[in-house]
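What follows is each chain in one-letter form.
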Amino acid sequence: MSQTLPTSDRTPHRPGPSRRNFLAGIGALGAAATLAACAGGSPTSSTGGGGATYAGGKVDLAFWNGFTGGDGPVMQDLVDRFNAEHETITVKMTTMEWADYHAKLPAALTSGQGPHVAIQHLDSLPTSAARGLLLPLDDVADELGLTSDDFIRTVWDAGIYGDARYGIPLDVHPLGFFFNTAVLAGAGLDPAAPPMDRAAYEAALDTLLGTGVAGHWMSPHTFTGGQTLQSLIWQFGGDLFDSEGATAAWARDEGVEALSWMVDAVHKGWSARDVGQDADLIALQNGQAAFNWNGIWSINTLDQISGLEWDVRRLPRIGSVDAAWAGSHNFVLTKQRGTSDDQLEAARTFINWVSQQSAAWAVGGQVPARLSARDSADFAALAPQSAIAEQAEDLRFVPSIPGIGDAVGELYTALNEAVLLTKDPATALADAAARADKVLADNRDRYGA
């Protein structure tokens, strides 16, 4: 599974910002509340044939997503294949940064200039549903025969808001443990046996430091520091919120221990100080670092770098519990002025078709949401994706609550303050929890949930 390429070129490749901006996009969606697409003429239900077949007239469909990285061409290939197989349906894919996507979506739907079918992150889906931007997809799930038995239960359940399903999961995209095999070998460590528990991990970091390498650069930014911190909180036995999603729980002992481990890495020299956005992954590419916890989408970034020797595993267990942050892309059907019944049925057909191609979608750097696709020979042949997918049953997701991204954003502020050494971890987390509790209370009033 080791990705070994020629050693002639180590030019760093800066990953695109598509994932980095998605939380900002969720905030933009909240700011556009008054433009929710509930204007006259919008469909109020997606009830139809479920998408198994399409017998309507010729239609054009607008399809929006934020796949600006290596996953974009893979989805475009699927769109092209769908169009070739469906003479009366033409899907036009529009790709933009997630922040732009969420900012533009409400007004575009109200004016009838938005997408008929779209992709949403799992944590933004309940917000969109609460704002009336989406149509139910229960009929699509029934037609496909999709049930929780073929999905990670948390992902499947998170697609429900109120009493209806609004999302059809396409994938999960977890953090993975990427490492530079050449750097490990240079320090006398075995690249075939990377450290997978706390004692071994810290011992490896000490060994690397002895050779002048700060082994794991701790990012103070949402990507990838925010996802690393969430993973560690869960690994240390904590949680982000209470069981009702009403108050932040990250300031408890487990959260303090998790953030302190990241800060200690800076104090001990295992990490560089003041790490810039994406500098952690670039350090791995340049041989300045050995380890990087990053999203599965980084597979395509690293594959493009000539001369880079790397590999990937599931996240090591630093705490007492196996856990890793993950997100999920979901298909949604939008509520838009001027959408015809034929367009709704064609959109269901498109969702149906792509869902059945989820193993092919994994080539873009994803783990299929469907267990049946993840167990297929096609997916098993994708060695890096399969390695990260070994932790599928240990993946964690933020609660399915409208506006939850605004509350999680306060945790990222605490991360930034602590890792940049401007505030101690306990204080940073407590202050962030107090702010998040207010956000959560405001959201309950705003969304009636």
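Everything quoted here is computed from the prediction, not taken from an experiment. (Residues numbered from 1 in each chain as written. Predicted model: local features only at pLDDT ≥ 70, side-chain atom pairs only at ≥ 80, totals over all residues. Heavy atoms only, no water.)

(A) Quick look at the pairing of strand E10 (residues 291-295). Of all the 5 residues making up E10, 5 are buried; the element is thus mostly covered by neighbouring parts of the structure. Both strand E9 (residues 171-180) and E10 contribute to a ladder of 5 bridges, which runs antiparallel. If you follow Leu175 over to E10, its bridge partner there is Gly295. (Buried < 20%, exposed > 50% of the residue type's maximum accessible area, 1.4 Å probe, protein only. Helix = DSSP H or I, 4+ residues; strand = E, 2+ residues; numbered from the N terminus. Pairing = 2+ DSSP bridges.)

(B) Region of the structure containing the pairing of strand E3 (residues 89-95). Here 7 bridges tie strand E2 (residues 59-65) to E3, and the two strands are oriented parallel to one another. Looking across to E3, one finds that Val59 is bridged to Ile89. Once you follow E2 into helix H2 (residues 71-85) and on to E3, the crossover reads as right-handed. (Right-handed = clockwise from strand over helix to strand, strands pointing away.)

(C) Layout of the pattern of salt bridges. Within the structure shown, the criterion is met by 14 salt bridges. Arg313 is the salt-bridge partner of Asp311, the closest N and O atoms lying 3.3 Å from each other. Among the residues examined, Asp311 registers a relative accessible area of 6% and is labelled buried. Note that Asp442 and Lys438 form a salt bridge whose closest N and O atoms lie 3.0 Å from each other. (Salt bridge = Lys/Arg side-chain N within 4 Å of Asp/Glu carboxyl O.)

(D) Molecular detail of the side chain of Gln343. Mapped onto the elements of the fold, Gln343 is located in helix H13 (residues 341-355). Within the local environment of Gln343, its side chain forms a polar contact with the backbone oxygen of Asp60, the two atoms lying 3.2 Å apart. At 3.2 Å, the side chain of Gln343 forms a polar contact with the side chain of His116. For Gln343, the contacting residues outside a window of four places in its chain are Val59, Asp60, Leu61, His116 and Gly338. (Polar contact = N/O pair within 3.5 Å; in protein donor to acceptor, adjacent residues only side chain to side chain. Contact = heavy atoms within 4.5 Å.)

(E) Spotlight on the packing of helix H18 (residues 404-419) against helix H19 (residues 425-447). H19 packs onto H18 with a crossing angle of 165° between their chain directions and a minimal axis gap of 8 Å. Relative to H19, the element H18 lies roughly antiparallel. Viewed along their axes, H18 and H19 form a crossing whose handedness is right-handed. Contacts between H18 and H19 involve Ile404, Asp406, Ala407, Glu410, Leu411, Thr413, Ala414, Glu417 and Ala418 from the former and Pro425, Ala428, Leu429, Ala432, Arg435, Ala436, Val439, Leu440, Asn443 and Arg446 from the latter. Grouping the constituent residues of the contact of H18 with H19 by class yields 12 nonpolar, 2 polar and 5 charged. (Axes fitted to C-alpha atoms, helices over the stretch in contact; angles between N-to-C directions. Parallel < 35°, antiparallel > 145°, perpendicular 65-115°, else oblique. Left-handed = near helix turned anticlockwise from the far one by under 90°. Nonpolar A, V, L, I, M, F, W, Y, C, P; charged D, E, K, R; others polar.)

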